[in-house]
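Read off the chains here:
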Amino acid sequence: MDRRLLLGVVPLIFLAGCGQTAAPTTSKSASMSNHEEAEDVEPVPADETRSGDETELSSEPASTEPAGSEPSAPELTLAPPDLPELPPVGDLGPILEHPIPDRSGADELPPMIHELVPAPPVAAPPIAELPAPPTAPPTRCPAGGAASGSSPPIDKGFTRVRVFYGTDRRRGGTTPNEFYNDQRGSEGAASALELGHCDVSIPYKHAPGEIERPSVWRFEFRELPARHVMLLDVRPLDPARWQNDVREHLNESADLAAMVFVHGFNVDFASAARRTAQMKYDLGFPGAAILYSWPAPNNYVECEGNAIWTLPHLMEFLTEHVQKSGAKSIHLIAHSMGTRVLATALKELVASPAAAQVRYNQIVLAAPDIDAAVFKRQIAPQIVTAAERISIYSSSNDWALVASKKVHRYTRLGEAGASLTTFPEWPQIEVLDASNVDESLLGHSYYGDSPTILRDVRGVLGGLGAAARGLRAHTNYYLFSSRRTLLSDRPR
């Protein structure tokens, strides 16, 4: 084979193996052997850009050979081809930019690298060496909140107050505010009495004496526990569970004290529960707060009939449940027509041989809607020995008792002024005239609305007499001064 042909074919084979195609031979180069003098081959400038996949060729100027001699083969110098940049391998990019890291840093690698370079397996410790999961100690919500083995609810902006109750109302709806209605409970059951507890929210910004409720004037159209005193839930309990839970809350007070509240006329269950919780909170009462709620509709005649109907149920509640709960100090507070229910029940209990040992610490009758003559002649002589002290709060500014007097025509026990009823023969009965208390909302519910009266009730539950609480002594009664006192003021 001709040596010149061989020198031309070998580079073509090399370029074909590299995936490149040699540039076709120009007609001018092919005809060099037919000319006596070869024309100069124009060198390619170093900065010229080739298009496509052309191969750059650099050649020296051809030497002039004498005529008749064989032309020498051109010396070709091959420049390295323009190799295209390799595309990234997957999503990792060029391999040289992602060196495989050390296994010691495997925990810091991206998830994809974890799949390519898995971390060395770590042997699990024996079961005996694994630490036991932490267990949170049982917690109790502030101010008598719920106590249970489960995680307590997270309350923000309010305090949860636990109220225990006994009621002979009929069940109503499923929501807390409608759980019991104003109808009498079942007569066919062995007992019309139901026991349970409920939780009430007291906002952090609560004002003493207030029961904060939604107001359309403040554009409040629903209850919020962080803003309002709100009945959160109602849960009926069996007697054994009820007494056990009450006993747990009794342990929060040094003297194992319980406070039983009996509401009055035209009060629904939810309102009575809110009032009980508000008094417990404002009074700072550390023991168990207990509510007795009876059906008290807004019909006065019907309500008076229910006040008689509920008597045996209240007696059962006090003797079979409250007194057997383990409480060492039991305080009774009643309001309005509820004082009639409580006073009559106590009279019956004292007269009963089975209840001869019944004795309470403090009995508070707030704005009592009772016939004054009936109480003084028939009830007071019977119940005067049932407690250490009986405190009667009266006022001449109580509009509800003025209306009740017009209905019954006779003086009510809660009236003050010229109609004030006193008990000089029994010093353990203290009559307190609150007519001078300067409160803008003084009315029938002043016992719970007025910080001044709440402060005084706190002293009563603490065992202080009227003189020790700073009231002015008059003939057979005590008078509040006209200066308004704060609930935070300690009784003298």
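What you see is a predicted model, and the numbers here were worked out from it, not measured in a lab.

Remarks on the pairing of strand S6 (residues 194–203)
Of all the ten residues making up S6, nine are buried; the element is thus mostly covered by neighbouring parts of the structure. Here strand S3 (residues 158–167) runs beside S6; their pairing, made up of ten bridges, is antiparallel. Looking at S6, one finds that Phe 158 is bridged to Pro 203. Direction of pairing for S6 relative to strand S7 (residues 230–237): antiparallel, over a ladder of seven bridges. Within S7, the residue paired with Val 200 across the bridge is Leu 231.

Considering the confidence of the model for the protein
Confidence along the protein averages 77 in pLDDT terms, with 64% of residues attaining 70 or more. Taken as a whole, residues 19–69 scores under 50 in pLDDT and shows 37 contacts with residues more than four places along the chain or in a different chain. Considering only residues more than four positions removed or in separate chains, one finds that residues 89–98, a stretch of pLDDT under 50, has nine contacts.

As for the packing of aromatic side chains
Tallying each qualifying case throughout the model produces twelve aromatic pairs. Between Tyr 165 and Tyr 180, the ring centres sit 5.7 Å apart and the planes meet at 75 degrees, which makes this aromatic pair edge-to-face. One end of the pair, Tyr 165, is in strand S3; the other, Tyr 180, is in strand S5 (residues 180–184), and 15 residues separate them in sequence. Considered together, Tyr 165 and Tyr 180 belong to a single accessibility category, that of buried residues. Ring plane angle 80 degrees and centroid distance 5.8 Å describe the contact between Phe 375 and Phe 423, whose orientation is recorded as edge-to-face. Placement of Phe 375 in helix H9 (residues 372–383) and of Phe 423 in the loop between helix H10 (399–408) and strand S13 (429–433) is noted, with a sequence separation of 48 residues between them. One exposure class covers both Phe 375 and Phe 423, and it is buried. The ring of Tyr 447 has Arg 275 lying over it, and the distance from NZ or CZ to the ring centre is 5.3 Å. It is Lys 376 that lies over the ring of Phe 423; its NZ or CZ is 5.8 Å from the centre.

Parameters and conventions
- Residues numbered from 1 in each chain as written.
- Predicted model: local features only at pLDDT ≥ 70, side-chain atom pairs only at ≥ 80, totals over all residues.
- Heavy atoms only, no water.
- Buried < 20%, exposed > 50% of the residue type's maximum accessible area, 1.4 Å probe, protein only.
- Helix = DSSP H or I, 4+ residues; strand = E, 2+ residues; numbered from the N terminus.
- Pairing = 2+ DSSP bridges.
- pLDDT = per-residue confidence, 0-100.
- Contact = heavy atoms within 4.5 Å.
- Phe/Tyr/Trp six-rings, centres within 6.5 Å; stacked < 30°, edge-to-face > 60°.
- Lys NZ or Arg CZ within 6 Å of the ring centre and 35° of its normal.

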